[in-house]
Structure formats: structure tokens, C-alpha cells
Number of protein chains: 4
Amino acid sequence: MSHNSFGHLFRITTFGESHGMALGCVVDGCPPGIKLTEADIQSFLDKRKPGTSRFTTQRREPDQVKILSGVFEDDRTGGHVTTGTPIALMIENVDQRSKDYSEIRDKFRPGHADFTYTEKYGVRDYRGGGRSSARETAARVAAGAVARKVIPKVTVRAALVQMGPHKINRANWDWAEVDNNPFFCPDAEAAKAWEAYLDGIRKAGSSCGAVIEVVASCVPAGWGAPVYGKLDQDLASAMMSINAVKGVEIGNGFEAAAITGEENADEIRMKDGKPGFLSNNAGGILGGISTGQDVVCRFAVKPTSSILTPRRTVDANGNETDIVTKGRHDPCVGIRAVPVGEAMMAIVLADHFLRHRGQIG
Amino acid sequence: MSHNSFGHLFRITTFGESHGMALGCVVDGCPPGIKLTEADIQSFLDKRKPGTSRFTTQRREPDQVKILSGVFEDDRTGGHVTTGTPIALMIENVDQRSKDYSEIRDKFRPGHADFTYTEKYGVRDYRGGGRSSARETAARVAAGAVARKVIPKVTVRAALVQMGPHKINRANWDWAEVDNNPFFCPDAEAAKAWEAYLDGIRKAGSSCGAVIEVVASCVPAGWGAPVYGKLDQDLASAMMSINAVKGVEIGNGFEAAAITGEENADEIRMKDGKPGFLSNNAGGILGGISTGQDVVCRFAVKPTSSILTPRRTVDANGNETDIVTKGRHDPCVGIRAVPVGEAMMAIVLADHFLRHRGQIG
Amino acid sequence: MSHNSFGHLFRITTFGESHGMALGCVVDGCPPGIKLTEADIQSFLDKRKPGTSRFTTQRREPDQVKILSGVFEDDRTGGHVTTGTPIALMIENVDQRSKDYSEIRDKFRPGHADFTYTEKYGVRDYRGGGRSSARETAARVAAGAVARKVIPKVTVRAALVQMGPHKINRANWDWAEVDNNPFFCPDAEAAKAWEAYLDGIRKAGSSCGAVIEVVASCVPAGWGAPVYGKLDQDLASAMMSINAVKGVEIGNGFEAAAITGEENADEIRMKDGKPGFLSNNAGGILGGISTGQDVVCRFAVKPTSSILTPRRTVDANGNETDIVTKGRHDPCVGIRAVPVGEAMMAIVLADHFLRHRGQIG
Amino acid sequence: MSHNSFGHLFRITTFGESHGMALGCVVDGCPPGIKLTEADIQSFLDKRKPGTSRFTTQRREPDQVKILSGVFEDDRTGGHVTTGTPIALMIENVDQRSKDYSEIRDKFRPGHADFTYTEKYGVRDYRGGGRSSARETAARVAAGAVARKVIPKVTVRAALVQMGPHKINRANWDWAEVDNNPFFCPDAEAAKAWEAYLDGIRKAGSSCGAVIEVVASCVPAGWGAPVYGKLDQDLASAMMSINAVKGVEIGNGFEAAAITGEENADEIRMKDGKPGFLSNNAGGILGGISTGQDVVCRFAVKPTSSILTPRRTVDANGNETDIVTKGRHDPCVGIRAVPVGEAMMAIVLADHFLRHRGQIG
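In this report, we go over the structure that sits alongside the text. Since the model is a prediction, treat every value here as computed from it, not as a measurement.

Considerations on the interface of chain D and chain A
So, point 1. At the interface, 46 residues of chain D touch 46 residues of chain A.
So, point 2. For the chain D and chain A pair, buried surface summed over both sides reaches about 3700 Å², with 63% attributable to carbon and sulfur atoms.
So, point 3. Taken together, the connections running from chain D to chain A amount to 0 salt bridges.
So, point 4. If you look at where chain D meets chain A, you find 6 residue pairs in polar contact (both at pLDDT 80 or more).
So, point 5. Those elements that place two or more of their residues in the side of chain D that touches chain A are strand E2 (11-15), strand E3 (22-28), strand E4 (65-67), strand E6 (80-82), strand E7 (87-92) and helix H3 (114-121) of chain D.
So, point 6. The element that contributes the greatest number of residues to the side of chain D that touches chain A is E2(D), accounting for 4 residues.

Set out below in C-alpha cells:
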């Protein structure tokens, strides 16, 4: 059952609310003997952390991770290594401003989960969105850092390839640029243009959506489990589980629908004594199993629902009203989704690596 | 574990290869006391069945379903009802022409799973694609017919909304048209244009992709289980598990990435004494939970990989060669994916209905 | 979810009722490349088959298994090998005498599941117990035959060690004797005595219970997954899931409760350059993980509930009445549970082998 | 997958080692709207807590539980209620004496998991047994307290019914006595005799085993999911997962093997207008489904493996040696297993209640 767990052999279970005591994650099934410290995890959390530029929420959360279990400082080796038992990770909430939530306590913010949580559970922790807050993704990023260690030969990277209506120029793609701008944008020119665009959005109290592309390199052929544990299926599940995601594509995605079989075929020739594909429309997956090419996945993030323009809504008592969601929000929540997408890709791949090894050896 | 199973409380396990003895499905967790006959299931299989028009494969498969278990003809009521035990469904393969498979036995057809199955398993049933064949989706459609019975108030419908590069005109949308053309197209005009287009594709020995839209009406608010059993997440998983699918969207999908928060917000007003949304960009899901609006999902199907134009490939012995995939193929496999998409939507919803009832009552 | 599935990486899903069309099993997760024919499975089914002696039910069921999928006759090798896809196994019911079931249709037979199925589901297939019949165990035995092939170095054997109040003399234990008597008894002397005892029970229309011991040899150290996937835990689950089982023990079991820590300790000395235990009270499992010694498990089977002595009961309409369960029943259903216990042990071990390999490599 | 998780709809995931930073548990799937405070949980932890009498380990652990998530203090109701999201519970370790572990770091203590963890994982946290320590059961007790709230009408109680070779006299059974002695013994006379017996064991540096009986009253008929989610199967799994447990029985258990069908039958008569059983050999379960009678389960706990008498063993380097396990150990670890058995029963029942409600409504 998967209410709050994801994965099978490499399995994460997350907990915590935006303004509760702590967020966290239990990573179960991690192989033993892997070197792992809090610093290894922290570096990824710092990428996702709020408040790193004027383009992300100004909430100040150090997002300091603690490893509660599953890692042992072996005095014979001096190193901290995983023991094969559950790795519990905890991030205490610090900046849960005890502000006045009366504005949103009873009103359903459009685009938020306020209405549906109330309908489902009858009760909800309305402080900052409670469980539905994007703060939960910190736990994913922490788990993703562990997942990367399980598949050390695989490189997982992501980039923002579209902000609002503005796409990058793929000819400019340079992975090195991703860390040179506040958008994780691989196109230096686009990044410059986006800065002006997003400043406009931000000052207007508005918000915009984004598209993120996640690429995993050096995934060997053979990972994935047809027909209901397909690698692309699990990637779709992983990405769609991220807050605010509305679409997922593998390889050329929706473009495949518009072209012919001749155009879409990834032909094969021998390369270095092995079959090699001449293109990668498939996004590295055929029949749900990795081909050995880059695994390529894209997902669309909707614009942040919290905006300063008044929107019509109702409250829990059935009164019609307007709402303006003040507070510290991301004008483009897709930016901070970049490390989250990487984490989910790593988690899916680590799980499939173990599953493949289980069945095939 | 989900190699060949899907769902949790309403759980399907499928088996069978394209040219093996039989395909089938075990449906576990179905509530008891539901009237169910083979005819109920057959009507849905007949929609997916090959050979219904010149636009689908000419393979002749009656796709006759047998209920092996889980349904009891209660002599007190005269009716066949589910007993709450596993419902095993079997479809025997009939038209597995014992043709010569030497052409594809050792060659990797581009776009097919030949290469990846070989890499993963070392052995594969190459007859008609074996387990990776779209014939497996017959089992899904059978299970979907059962799922519909579990949620009788919900209506699940799907339509082809794009064929190759040609989209429908949404202003012409008429559900009644869907059964009036061989494409499940809701736009009569578009259907006419597609006929000429697809004839061209077919005669050229080519193929094209498609986009299918699935809509579930009368889904109550509250179904879905955040944060890793989100309704949209499970729909993405379900649709991406269908053969040849490369992209999935919920609601406005990728369009959401291009617009502002103001444009994307589904505002709320009171309607008939209950909160009602003024638009449905969300596709009926917020925070992973149904809102009570139509649940809307779209998926992109790539063009059929089997085409008559020679494509470059290699064989299992590392020889470079060309391949032409003769045989009886669908020029647009997306057409027969329409009832499959409906089935997967019904399966996801039936599962979430039971899960919701389990936790909430 | 595990209504009708068991195991994780090696996972079985069974279906079928005593008097339905067919019983069967889908085995998912089996490694590819394993030689497997129907004959391999049939030999184990024949051990469990009814009607092999006067001490088992006289129902005539050939229990002929068919492999519907997952095995491919590779024309390059000539052999039938598993392909890594689901192996569907089917056993058609033949001798479902269309007798008059009016006697048990509305009466709750004491010791049977009639009452509880009715309470739970509201409807039940009363013919021969329906889904609650021990006929379901044929599917387990078939799956167990596949499981053995996954762990070819492990030997799984079982024996009847107690019939009614009569225990074997362990000093006489000889595995070779197990096939020399109709009881799977490893003690030739006891078997002789039991023959007279069980004839008496049978002629009186009575029944008796039994204890079965299952032993797996050559299980390497390290299988098992603490703390909720313990090897002993999964064995307890497996054995208790067999019809009519009321108790399970690992190693010295309940005897451990009565002795001291000094007596119970399995001391360790070096043997052939490796740690070796001087006794095996633990039954080959410590902390939920195999030690490398024989894995030893015992389970108690209650006496067959269907007896000729009238018992007091009520019917579905609340009338008090008596019942005599005529028909073709096993005087000691524990006998035919011997191959079932072996099968469940093999299934648990195959699953844990794959799970161990997944996490550890 | 169930390495460190148990249950399906009511699902617990535990983490932590004996001498790590903290132990804990994530309870997922709990229904919303249930009043729950830390004090509700603490009262059960206090029963299991070490150091409550001279008959349990003198390690001083306050076992103070913190609720990290999943419970919200609703300012409209003033109460703390569950929100339907994961309830994370944490117990910090306090008394992890940083003593010298060199004695056991490299030696395999007989009866402990030292050898098997090393064989499986290659590394182990040897401090106090690490993950294999019975301290993990504190997390179970905490989760069990939540489970009880999910099934408020059900009463779950347990008692020690055998200490070493000494059984209680069932004629003396009085639930009220259970809290009057340090053994959870329902027979006041037996408790007195055990005191002397266990003092002898303790002073000798020895240990003894025990048998615990767990009884759940007011379980409605119909809970349980045949054939692989049987209520008795899940109880067997639950109890066998507890540290040091070697056997599990339902109802009359192994005794059933020794008697006849006539003796074993629980006959039925009408009682207060409903079918009522005249005995309960079945332990409240038939065909894997609850009958409405008391659900009765017993389990055998082996003697504590840590004893002062030297035992032969080897170390990790293959040297033969002796070991004496000093430290603060329970002379009869079965005593503190009583609240753990109750917790596991409650967890199994809460899960089956939700599963039943999911499928049947």
C-alpha cells in the first residue's frame, strides 16, 4: 500500500507537515556498506532550500538533516556506513512563523488542496498547507541523496527548460550553466531573459509555471519490469506525485503523437562492438525497460497557486468571498522542483536497480 | 511488488503472451454481490478487438473471455454474482498464425522491446512481441469492465483527440459521435478528415501517433491518497503502463506551465448549495484528491513501430542489417488504445474508491 | 496487498473454487532462463492428489496442470525455459459431481468457513467449500514446484511427525521411509501403527489431526529481512495460511519456552574453517535471518471438520439443526498437507533468495 | 515490500537501533478525526518500559514518545486529532551507556543475531544488538496504542500463561490479577510461585522462556481476507516477528492435532437470536475470517540468550572462545513481550478492520 511510501526494494516513507515539528523520511532497503554522512545529504537539500535567491520563497528554513538510524560509525573503518537497516532522516521545522492563519483556516484557496483535504478527511492542518505543502519535497531530496549512492555510476541531472511560455534554445544546452543562474537553466541566454520575466511576475504578485527535464546517464540496459513496473511508468508516477505537476513525458513525449513511424524510429547500428541507437526519441526506455541510452523525462509544473491577485472562492461555511494569498511564496515553484525531480529519478532508478538484481542477479 | 500487478485494494494481475496459449487476468479484491457475466465483459473487449475496420490490424481474434472463478450462479437468486474471491478471466489465443518468425527472431526491431527484453532476460518469446505485445491490453479491458461495476455511478469515457498532427476542434465535441466513426473521435468533421489521412498512412505502409483523452464523470470529492498514492499519480502510472504511451497530462497539463497563476486558478462559487468550480484546469484533482469535477487525463501514443519502410538495425549476432516489419499491424495503434485508457481509468478509480472507503468509511 | 497473493519478489496469486471451472496460480517474478515443463510441476501435484490411498479423499481429480504463459520453447535450445514474465498455471476441475448440495447450502458446518464467508461476503459458493476448500492448495503445490527451481541447491522435504496423539520416534527418522507409506511418515514403525489407528478413525467416520515438519537443507546464511520480513515470520505466515493449520513452530518452538538459556543456546565452534553450530534449537534462523543450518518448521493441522457424527449447528434462517457431512473426505487432512508445507517453504525461500540478492547482490 | 513495514491499510514502518539516536515508527493510513495525544501512547509504553521491577533489565530508559506529525491541535475543537496523514512517533534513546563493547564487537553471542547480521550485511551496529535489539518493540507498542484507537470497541488483552516449565492454572484466570504482579500473570497463585522461581533464575545469571496469550474481545464476525491475508496468518506473522518468538498458536493450537474431529468441533446454537458457538477451539477464526468469538493467540518466547554462564562461540576472525554476556538483561524477556503481543494484535485487527471496510463497506 502506498499512501505515503514510494518504491519497492528501495522504499521511502515520508512524514510531516509544513508547520509541524519535523519532516522526515524512512529509507528502507538500502544496501549495506555504503558510506553516508549528513553532509552528503545536506548538499542536495541546500539546492532545494528556500530563500537562496529573490526568486524563491523568503521563508528561512535551514533544512538541516539528521540521520537517526541505519548508519553506523564503524570504529574499525572510521567511516559512517549504511547497515542495511532503515535509514531515518529528520528535518526539524524552524521558521514556522506562528502567524495568524485565520485568513486561510476556513477559506478554500483555489488551486490548493484545502478543499479536497477537507472533503476527504474532515479535518486539516491548515498552517502553510499542512501535509500538502511543497515542504514535503525536502524529504524526497534527502532520500534522493541516499538513492544516488546506491547507483554510483549513474549520473542524474535536471534543468529548467521552460519558464512560463519561454523555452530554452536547446542548441545552447550546457550542463555547466545550470549552476550559474538561479533557475537551474542550461541556456545562459534564456536565463538572462527569464530573470527579467520573472522579476515582472514577482513584482506583480503573480506566478508562472515551468517545465523541468531530468536526464539520467549511464543507466545500463535492462532495468525496468514490464508490464506494471515499467521504468517509464514508475517515472511518470514519481514525477506526477510532486506537488503542482500536471504532465509527464518520456523522450519526445507528446511530440511522438504528431509524427510518423519512420520519423520516430530510433534506428540501430553497431557502436564500439555493441548495438547503439542513432537517436533517442524513446528517452532511453523501450517496452518499459532501459535501453542503455540516457533516460529522459520531462514534467510540467503549474504556476504557484498563491498569488496576490484576489480570486473568487468560498469558505467552509458556504459563504462566497475573495482570497489573496499573502505570505512568502515562490513566484515560480518549478525552480525548486528541479532538485526534487532529480531526487525522484534517482529513487526510481535505485529501486529498479535492486529489483533487477533481485530477479536477474 | 508490481511486476505484473496493478492497484492495491482492487488489484489486477495479468499474464500471457501474444502468441501463447492464452492471455488473462486475476482481479482480486472485488466487492461481493455484484452482478457480473461474461457478456458484461465481452462488450468492452469487442470495442478493442482487432479487425473491426480497415484501420486496425487484420489479425482475427474473437477475444472471447471466460470467467474461471470468483463469480457464482446463486441458485436462490438466479443471477451470477461476485463472491469477493479472485475473479480469473481468460482469453484464449486463436489466430496465432504459425508463420515464419525467422525474420524477427534475431533482429531487434526499432521502437520495439526486442532489444531490451533480450538485454534483461537473455531469452524472449519473439512471436508477435511475446509479453510486450499490445495484446496484453485485452486483459486490462476485461478487468476494466469489472472495475466499472464497482463504481456504478461513475461514467468513464474516452476519445481520440489528435491523430498524427491533426487535432480535433473542441467546439465540435459530441460524445455521441465517438461510436459513429472508426476512430472514437468526438468531432464528426475531424473524423472525416482523419479517414483520408489514415488511408494515406496505411497505404504508404507508414504509421502515426495519437492523443487520447479520458474523462470520468460523477467521481465524488475525496478520492485519492496523498502524497504517494495521489489519484493523478496513479493515473499517470496507469496510462504510462499502456504500450507505446510516451506522455500523460492531467487537466490542462503542459499548458499549465505556460500560463500565470491568475489564468490557471479554478475559482470557486457556490452552486446548488455546494462549492462549485468555475473552470477545470486542475482536471478534477487537487493535492492528489478528487474535487468532484470531471477527472480528465490525456495520453500520447507513439506511432506504431512496425512499418513497411526499411529501417536500419542490428541482429543478435552483431550484424548490421535492415528490417521491414511485415504482418498485420495497426496504422495508428492509438485508436485501439481508447478502450484501454478507459479501462485503466476505471481500474484506478475502483481502487481509490475502496481505499478511500477503507480509511475513511 | 495480499488478499490472494503471497510473497514479494517471487510472488504467487491463486484463484479458483473447489467446484468451479478451474484452479490456478500466476507466479510472478520468476528469474528467466530456468528449464521448466508441465511434467516438472506434475510430479509434485501427484503427491498431493486425492485418491492415492484409502486414507485420502476418494474424489477423483487428475489435477493435470497446464502452463498458460511465461515459458517459451526456444527453438534454438529445444528446451522450455522461463522468460521472466508471469507463469500462469491452470488445473481444470473434472470431478465436480453435480450432486445435491441442499444439505450444506444453508447450514453452517462446524469447523468450516461456511459461517464466516456468509458473514463477510453475504454470498458464498457452497459447492465443496468454494474458495475455502483445500483444493486451493493444489495451486500452491504447483507454484512450489517452480519455486524449487529458483533455488536448485536447496532441498526442501517434509514429513508427518504426529498423527492424532501418536508421535514418531525421532530416533527412527529416515527420510527414505517417507515415500514408503501413505502417510509421508519418516518412522517405519510409527507408520505401521498409524495404519491401524487411521483405519479405525476412518471406519468410525471420524477424523484426526496431525503435525508436519518441514526441513530445508543447504540454505545459505543471510536470507531473511528483519524486522518485518523475517524468514521465520514469513514461514509462520505461509504455514498458517494453509487450510486447517492452527499452530506453527520454528526449531524447538514451544519447547524453548520451558527451558533455560543455557539449555537453549546453540553454541558455536569452528567446523571446516567456518563457524558451525553444535545444536539447532534455533531451527536455522536467528534474528529473522538464516544461519546456514537446516531451516526447521512444524505446523499443526486440526482434524478434518467433515465427519459422520452428527454435530449441532444452525442454518442461515436461524433454525437449530444437526449436520452430518457426508461425501468424500480425508480422515486425516494433515497427510495431504505434507507436500503443501514443502511448497510453502520453497516459495518463502525462493522469495527471500531474490530479496536478499536484490538488497545485497 | 515489508523489510521494516507491517500491515497494509494500517501500516507501520519502524526504525532505529538499541544504542542509536532514536527509535521510531511511522503509522500510515490511520483514519482521521481520532483523538490522540502523547499521553495516550505513553501509558502503553510505560507497561513495556525496562526497569519496572527487579525482573526486568535495569537499563533506565524513560521511553518518552513524541508525536512528530499526523496529529493536529484543531483550535476549533481544542483537541488533538489525527488528520489522516502519517503519524510519526519518536522515542529518543537516553541510557545508551557508552560502555566498552569490545567484548561483543567481534564475538558471535549464541542465540543472538550477531552472526546472521554479519553474514548478511557484512557490517553491524553491535552496540546492544543494534537493530536486532528488543528495544525495537517500543515502536510497536507505540503504534499499537494508535491501533487501539482505530477499533475502540475491541478490547485487546494479554497475559503470561507459562514461565519456564510452569504453567498457570486456567481455573484461576482473573484478568484483574494481571496488573497485580510483575509478570502480567492472570493466576495469583502462579504469580507467587513464579516470583521464587525467577529469583532463582536471576541470581544464577540464567534465564527462562515464557508463553504469552493474547485475547481480543468484541471483534465482529467477518474480518480477515482469505486465502493469503487470513486473520490467523497475519497474527502468526505479527507474533513471529517479535524478537525471540519461536512458536505461535491460534485457539487450541497444537492440541488440535491430537484430538478427533468430534472433540474439536465448535458446535453452534442460537444465542440471543444469533448463531453462537458452544466452544472456541477455533480461537475465533474459521477459514481465516473472524467468527465473532474471542480471537485467541499464543506465542512462545525463548529464554533470554544473554546469560552469565560461559558459552562456547567463535569470533569474527575464526578464533574459538567463550562468551559471558554481562550487562543489564531480562531474566525472562517474555514478561515484557506481553504488551508487545497486545500491540501486534491491535495492529493486525486495525489493519483488517480497514481492509474489510474497504472491500465490503
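The rest of the description comes next.
Some remarks on the pattern of salt bridges
So, point 1. As enumerated under the stated definition, the model contains 100 salt bridges over all chains in all.
So, point 2. We note a salt bridge from Arg298(D) to Glu249(D), for which the minimum N-O separation is 2.9 Å. Of this pair, Arg298(D) sits in strand E16 (residues 295-301) while Glu249(D) is found in strand E11 (residues 245-250), placing the two residues 49 residues apart along the sequence.
So, point 3. A relative accessible area of 11% places Arg298(D) in the buried class.
So, point 4. As a salt-bridge pair, Asp351(D) and Arg355(D) come within 3.6 Å of each other at their nearest N and O atoms. One end of the pair, Asp351(D), and the other, Arg355(D), are both in helix H8 (residues 337-360), 4 residues apart, so they sit about a helical turn from each other. For the pair Asp351(D) and Arg355(D), a shared accessibility class is recorded, and that class is buried.
So, point 5. Members of the salt-bridge network, linked through shared partners, are Arg54(A), Glu195(A), Asp199(A) and Arg202(A).

Thoughts on the sheet that holds strand E1 (residues 5-6) of chain A
Residue and element names in this part refer to chain A.
So, point 1. Pairing is antiparallel in the open sheet, where 5 strands are placed in the order E1-E2-E3-E7-E4. Looking at strand neighbours, the two that pair on one side only are E1 and strand E4 (65-67), the edges of this open sheet.
So, point 2. Of the pairings in the sheet, the one linking E4 to strand E7 (residues 87-92) comprises 3 bridges and is antiparallel in character. Residue pairing across strands places Val65 opposite Ile91, the latter belonging to E7.
So, point 3. Those strands touched by helix H1 (residues 38-48) are E4 and E7, and its axis lies near 150 degrees from that of E4.

As for the interface of chain A and chain B
So, point 1. In this complex, chain A contributes 108 residues to the contact, which on the side of chain B involves 108 residues.
So, point 2. In this assembly, chain A packs against chain B so that about 8600 Å² is buried in total across both faces, 59% of it on carbon and sulfur atoms.
So, point 3. When the area that chain A buries against chain B is broken down by residue, the three leading residues are Lys120(A), Tyr228(A) and Lys246(A), summing to 11%.
So, point 4. Put simply, chain A and chain B have 8 salt bridges between them.
So, point 5. When the shortest N-O distance is used, the salt bridge between Glu267(B) and Arg312(A) registers 3.1 Å.
So, point 6. The interface formed by chain A and chain B includes 53 residue pairs in polar contact (both at pLDDT 80 or more).
So, point 7. In this structure, strand E11 (residues 245-250) of chain A lies alongside strand E11 (residues 245-250) of chain B, joined through 3 bridges in antiparallel fashion. The residue of E11(B) that forms the bridge with Glu249(A) is Gly247(B).

Reading guide: rules and limits
- Residues numbered from 1 in each chain as written.
- Chains lettered and ligands numbered in written order.
- Predicted model: local features only at pLDDT ≥ 70, side-chain atom pairs only at ≥ 80, totals over all residues.
- Heavy atoms only, no water.
- Contact = heavy atoms within 4.5 Å.
- Buried area = accessible area lost by both parts, 1.4 Å probe.
- Salt bridge = Lys/Arg side-chain N within 4 Å of Asp/Glu carboxyl O.
- Polar contact = N/O pair within 3.5 Å; in protein donor to acceptor, adjacent residues only side chain to side chain.
- Helix = DSSP H or I, 4+ residues; strand = E, 2+ residues; numbered from the N terminus.
- Buried < 20%, exposed > 50% of the residue type's maximum accessible area, 1.4 Å probe, protein only.
- Pairing = 2+ DSSP bridges.
- Axes fitted to C-alpha atoms, helices over the stretch in contact; angles between N-to-C directions.

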